[in-house]
Amino acid sequence: MLPFLLRRALHAVPTLFGLLIVTFLLIRIVPADPAAALAGDNATPQQIENIRHQYGFDRPILEQLVLYLGQVLRFNFGESQYSHRPVGMDIRQRLPATLELTAAALLIATGLGIPLGVIAGVYHNRWPDFLLRVISITGVAVAAFWFAIMLQLLFAMQLEWLPLRGRLGDGIVPSPDLTGSLILDSLLAGRWDVLWDALRHLVLPAVTLSLGGLATITRFTRAGVIETMQKDFVLYERAVGYPRRRLIWIYVLRNSVTAAVTQIGLLFGALIAGAVVVEAIFDWPGIGNYAVLAILTADYKVMLAVTLLIGVIYTVVNILTDLVHGLLDPRLREQL
Amino acid sequence: MSISRREFGVLGAAALAFRARHANAGERDVFVFGQDLPANLDPHQILDLGMTGYALNTYDNLYRYEDNPPKMQPWLAISHTSSPDGLVWDFKLRQGVKFHDGSELAADDVVYSVQRLLGIGRAPAAPFLPTLKPESVNAPDRYTVRFTLDRPYGPFFGMIPMVFIVNPRAVKPHEEAGDWGARWLASNEAGSGAYRLIPSSYLPLEHADVEKYDDHFYSWRENSQAIKKVEWRPTKVTSTRVLALLNGTIDMTDSFLPVDQVERIDKAPNAHVAKNVTMRLLVIRMNNTKPPFDNINARKCFAHAFNYTGFIEEIVKGNALRNPAPLPNNIWGYPKDVAGYDFDLAKAKEYFQKAVAEGAPMRRPIELHVQQPLEQTIQAGQLFQSDLAWIGINLKMVNDTFANMTSASAKAETTPEMWIHWVSTYYVDPDNWIGQMYDSRFHGTWKASCWYTNPSVDELLRKARSMVDQEDRAPLYEQAARLIVADSPDIWIYNMIEVCGISNRVQGFRHCPVGSGGEVRWMRLSA
């Protein structure tokens, strides 16, 4: 397994390098001149030129690229041209919020998606299957921002059960910051008031974010279950009177979820990217929100760092997905 | 599946617990802003609406704009004098003013602040740089600050409120490699204002809290029930912002609300909309260097093809005043006799044909860049698109960001053919609008992004800028405005009526176009 991991890690390096170069060139080729944005209203062309020179924006683009790559190799992502804070520090501060939201969304999507997919597969072409098909197609088709607003209107405004926005209520003092995750930190500190408040804030954004993933996992699991149910071993087990529930939830499920697991891996990356919209709607202080603000202010070092981060997450999750495949399917394990 | 009585009772209790907890949120004794925070907290680096709102609460300035129309009030300065030639300005400081660290604010601190502003050389310094050198600011005595200008500069006094005074004793220990402490002050505060930052509360662009500064020189004499704590909790999405106002999570929104949200707040029992005439112009720019906009008949065709009344009455529901000239209609120097261009598709067609006859490429697709996520710019574009189609012009809308468009306007060839934006009030002087938008000296800046050149206009604007007395300057701006309107370089649509959602528990809101009414020291919270 170790050689496999090393091989995949080595393959990831040029991929991430390529991603960084393409993103750098794309960001720097568009007409946006961060110097003009920094100089602000009323600036004279001379002032803009001075700022351009001060930040090195007037150097040849390849020189800028080489300098930037040199910084990245030393794990220095530069500083935000607005906040003057190291981008790495900003990301460290915001990433746990995004990971917490994404993990919760993935948990919901997987926890509900797999059982629903099994039910749909087992009751193939019967009413539970029809109902779940409608739900899953709706889940894929519905726009996240519309669904989020509907949830806000129902649960925050009408029923007043859940908070409208943010990560923690005003007046709640968070637990000491150990992991950056409010939920983990409050658990470690035994602060049940913080845990309760953080969980309540997490529900609406996590449900919104999970919707597309839930539909995808349901559909892939359903397809896998339908295929497995046709296999000889299932027919045999059924014929010999093996307990139906045990057969489906252990043997059929295990043989059906390979495709769904691949999707779960890919979904994790997609959910991190999708968090951009959800974080903006719910004022969730994660990297999605950070990226949107960076785009609006042409803060290109932030844009680059966030792109690289999402690339790294995708890569790591892909490697982990391959590992899980190996654990689920002994035939694949030999290739690891 | 059925629910037992016991289970039903548990669910009901859980629901009540949720509701009860939420209701507690409304009992806060803090004021919560839903407005944007500035990109960082240093008032010498950033100049935008977010910064003006933040700095007016945490810093002091020599003079300050108050109310609407804005009036200059002595603030840290108790008086000022200027030499007859307008070159030397002396400001007498109030004694006994204390910074948040308890040290006294004196003339040397003002000198440091101005030198820091000019040294950093960012947006707030821009209007001063052409006429003021760092070494031309000094302190003849402990309570007098002297500015010696390179040449007479009419807008100078009006720009004084843009200089916020920072405490050098707090900033200097954090200076690194000649950065004027810029890195430190971006996340901290070193002022003397009515409120002081709680640094641990700050996460850039996400949240910041400030608390009442009891020793502020103003002594809170006009507001014994002043708000003790203010929290900035910016909301990025308009619908969330309005819902947050309606459920009591925030107390005040921004002032760019779309009409449907205004109507929604108007119907709410716990909030209202404050409407105030301001000095914020909505302008559609035309790049006068790019065909067909290098042709005056083409520009006039576009100017007659915008449905001003329809846009103001139907789309923004009357929350704007028609403003047909390149400066706000409520400032001195505005030419009352200028009618501007009306919506008349027959005239537009006439100019279209004249332009075509002169070889202007009127039938090629024209790009109008609109600002994401500001909905009004998109609505204006859509309205324009449909009317232009009627006369045979193919307008294409391009989604863009303000940062991209301002950057692109550094060169004529990269400036969009058309784009739409507001010009807000940073200092109350015609120079903030007409001066910087149409003097060719400012080509390469976003404000002058129509690339208009008229030597007569340049001469008038520069002459007006070199004079000190308002009475002498006003006729020059009026004359320049007439010439500019005749040349039709841009399409001036309206002067905005700001619409800001405010919780009914907020009392004492006072609006000023500078800062959009964000000064909290006037306000109090009712029970």
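Residues numbered from 1 in each chain as written. Chains lettered and ligands numbered in written order. Predicted model: local features only at pLDDT ≥ 70, side-chain atom pairs only at ≥ 80, totals over all residues.

## Structural notes on the overall build of chain B
Within chain B, the regular secondary structure consists of 16 helices and 18 strands. Rg of the C-alpha trace for chain B: 25 Å, near the compact-globule value of 24 Å for 527 residues, within the 12% margin. Expressed as lengths along the three principal axes of its C-alpha atoms, the size of chain B is roughly 85 × 80 × 40 Å. In chain B, the proportion of contacts linking residues at least 24 apart, taken out of those at least 6 apart, comes to 70%. (Helix = DSSP H or I, 4+ residues; strand = E, 2+ residues; numbered from the N terminus. Rg over C-alpha atoms; globule rule 2.2 N^0.38 Å. Contact = placed C-beta atoms within 7 Å.)

## Side note on the overall build of chain A
Secondary structure assignment for chain A yields 15 helices and 0 strands. Residue burial in chain A is summarised as follows: out of 336 residues, 40% are buried. (Buried ≥ 20, exposed ≤ 12 C-beta atoms within 10 Å, placed from the backbone.)

## Comments concerning the interface of chain A and chain B
Between chain A and chain B, the contact holds 47 residues from the first and 50 residues from the second. Looking at the side of chain A that touches chain B, the elements that each hand over two or more residues are α2 (34-39), α3 (45-54), α5 (87-122), α7 (144-158), α12 (258-282) and α13 (287-296) of chain A. The element contributing the most residues to the side of chain A that touches chain B is α2 of chain A, with 5 residues. When grouped by side-chain class, the residues that make up the side of chain A that touches chain B number 25 nonpolar, 14 polar and 8 charged. (Nonpolar A, V, L, I, M, F, W, Y, C, P; charged D, E, K, R; others polar.)

## Details of the domain arrangement of chain A
Residue and element names in this part refer to chain A. Partitioning chain A into domains gives domain 1 (15-73) and domain 2 (87-333). Contacts between the two partners involve 10 residues from domain 1, matched on the other side by 10 residues from domain 2. Listing elements by their share of the side of domain 1 that touches domain 2, those giving two or more residues are α1 (2-29) and α2. Top contributing element to the side of domain 1 that touches domain 2 by residue count: α1, with 7 residues. Each residue belonging to the side of domain 1 that touches domain 2 can be placed in one class, and the counts come to 8 nonpolar, 2 polar and no charged. (Domains from an automatic or database assignment.)

## Some words on helix α15 (residues 455-465) of chain B
All names here are of chain B. By the burial criterion, the buried members of α15 are V457, L460, L461, A464 and R465. Angularly, the buried residues of α15 cover 135° about the axis, an arc narrow enough to put them on a single face. Residues P455 and S456 are exposed on α15 and point more than 90 degrees away from its buried face. In the core, the buried residues of α15 are packed alongside α14 (434-438) and α16 (470-487). (Arc of directions from axis to C-beta.)

## Some thoughts on the sheet that holds strand β8 (residues 195-197) of chain B
All names here are of chain B. Taken in spatial order, the 4 strands make up an open sheet running β1-β10-β9-β8, and their pairing is mixed. Only two strands of the sheet have a single neighbouring strand rather than two, namely β1 (30-33) and β8. The sheet shows a mean angle of 25° between the axes of neighbouring strands, direction not considered. Judged from the 3 bridges that link them, β8 and strand β9 (residues 208-212) form a sheet pairing that is antiparallel. Along β9, the bridge assignment pairs L197 with V210. On the sheet, helix α2 (residues 49-58) packs against β8, β9 and β10 (229-232) and is oriented at approximately 110° with respect to β8. (Pairing = 2+ DSSP bridges. Axes fitted to C-alpha atoms, helices over the stretch in contact; angles between N-to-C directions.)

## Concerning helix α3 (residues 107-120) of chain B
Residue and element names in this part refer to chain B. Taking 1.5 Å per residue, 14 residues should reach 20 Å; α3 reaches 20 Å between its end C-alpha atoms and fits that length. Taken together, the buried positions of α3 are A107, D109, V110, Y112, S113, V114, R116, L117 and L118. Packing partners of the buried residues in α3 comprise β5 (88-93), β6 (137-141), β7 (144-148) and α5 (168-171). Within two residues after α3, G121 carries a phi angle of roughly 70°, on the positive side. (Expected span 1.5 Å × (residues − 1).)

## What about the sheet that holds strand β4 (residues 77-82) of chain B?
Residues and elements named next belong to chain B. The strand order β4-β5-β7-β6 describes an open sheet built from 4 strands, whose pairing is antiparallel. Two strands in the sheet have a free side with no partner beyond their single neighbour: β4 and β6. Neighbouring strand axes in the sheet, compared pairwise and without regard to direction, differ in orientation by 25° on average. Of the pairings in the sheet, the one linking β5 to β7 comprises 5 bridges and is antiparallel in character.

## Structural notes on the pairing of strand β14 (residues 395-400) of chain B
Residues and elements named next belong to chain B. Relative to β14, strand β13 (residues 366-371) is paired through 6 bridges, and the arrangement is parallel. Residue pairing in the sheet places E367 in a bridge with K396 of β14. On the question of chirality, the crossover connecting β13 to the parallel β14 by way of helix α12 (residues 375-390) is right-handed. (Right-handed = clockwise from strand over helix to strand, strands pointing away.)

## Things to note about the domain arrangement of chain B
Residues and elements named next belong to chain B. Domain annotation for chain B reports domain 1 (27-35 + 186-276 + 502-525), domain 2 (59-181) and domain 3 (277-497). Relative placement of domain 2 and domain 3: their C-alpha centres are 33 Å apart. Of the residues lining the interface, 16 residues belong to domain 2; the matching set on domain 3 comes to 13 residues. Here the side of domain 2 that touches domain 3 is built from residues that sort into 10 nonpolar, 5 polar and 1 charged.

## Thoughts on the environment of V234 of chain A
Residue and element names in this part refer to chain A. In this fold, V234 is placed in helix α10 (residues 232-239). As for V234 and V72, which are separated by 162 residues in sequence, their C-alpha atoms are 53 Å apart. Ignoring anything within four residues of it in the chain, the contact list for V234 reads T228, M229, L247 and V252.

## Digging into the packing of α12 of chain A against helix α14 (residues 300-328) of chain A
Residues and elements named next belong to chain A. Contact geometry of α12 with α14 gives a least axis separation of 9 Å together with a crossing angle of 165°. In terms of their interaxial angle, α12 and α14 are classed as roughly antiparallel. Considering the relative orientation of α12 and α14, their crossing is right-handed. Judged by residue contacts, T258, V261, T262, G265, F268, G269, I272 and A273 of α12 engage I310, I313, Y314, V317, N318, L320, T321, V324, H325 and L328 from α14. The residue inventory of the contact of α12 with α14, partitioned by class, reads 11 nonpolar, 7 polar and no charged. (Parallel < 35°, antiparallel > 145°, perpendicular 65-115°, else oblique. Left-handed = near helix turned anticlockwise from the far one by under 90°.)

## Side note on the packing of helix α6 (residues 127-141) of chain A against helix α9 (residues 192-229) of chain A
All names here are of chain A. It is the contact of α6 with α9, at a shortest axis distance of 7 Å, that shows an interaxial angle of 140°. One finds that α6 runs oblique with respect to α9. α9 is crossed by α6, and the crossing has left-handed handedness. Across the interface between the two elements, L132, S136, G139 and V140 from α6 touch L211, G212, L214, A215, T216, T218 and R219 from α9. The residue inventory of the contact of α6 with α9, partitioned by class, reads 5 nonpolar, 5 polar and 1 charged.

## Brief notes about unusual backbone geometry
Residues and elements named next belong to chain B. Residue N68 is joined to P69 through a cis peptide bond whose omega torsion reads 0°. Checked against the element boundaries, P69 lands in the loop between β2 (63-66) and β3 (71-74). Looking along the chain, the bond that leaves P291 and enters P292 is cis, with omega of 5°. Within the element layout of this structure, P292 appears in the loop between β11 (271-286) and α9 (296-304). The residue A177 is not glycine, and still its phi comes out positive at about 45°.

## As for the nonpolar core
Core analysis: the largest hydrophobic core is formed by 234 residues, its most contacted members being L101 and V306 of chain A together with I434, A480 and I493 of chain B. With near-sequence residues (within four places) excluded, I434 of chain B lies in contact with P326, L327, L461, Y477, A480 and A481 of chain B. (Core = buried A, V, L, I, M, F, W, Y, C linked by C-beta atoms within 7 Å.)

## A few points about the confidence of the model for chain A
Chain-level statistics for chain A give a pLDDT mean of 85 and a share of 96% at 70 or above. Mean pLDDT in chain A bottoms out at helix α15 (residues 330-333) of chain A, which sits at 68, and peaks at α7 of chain A, which reaches 93. (pLDDT = per-residue confidence, 0-100.)

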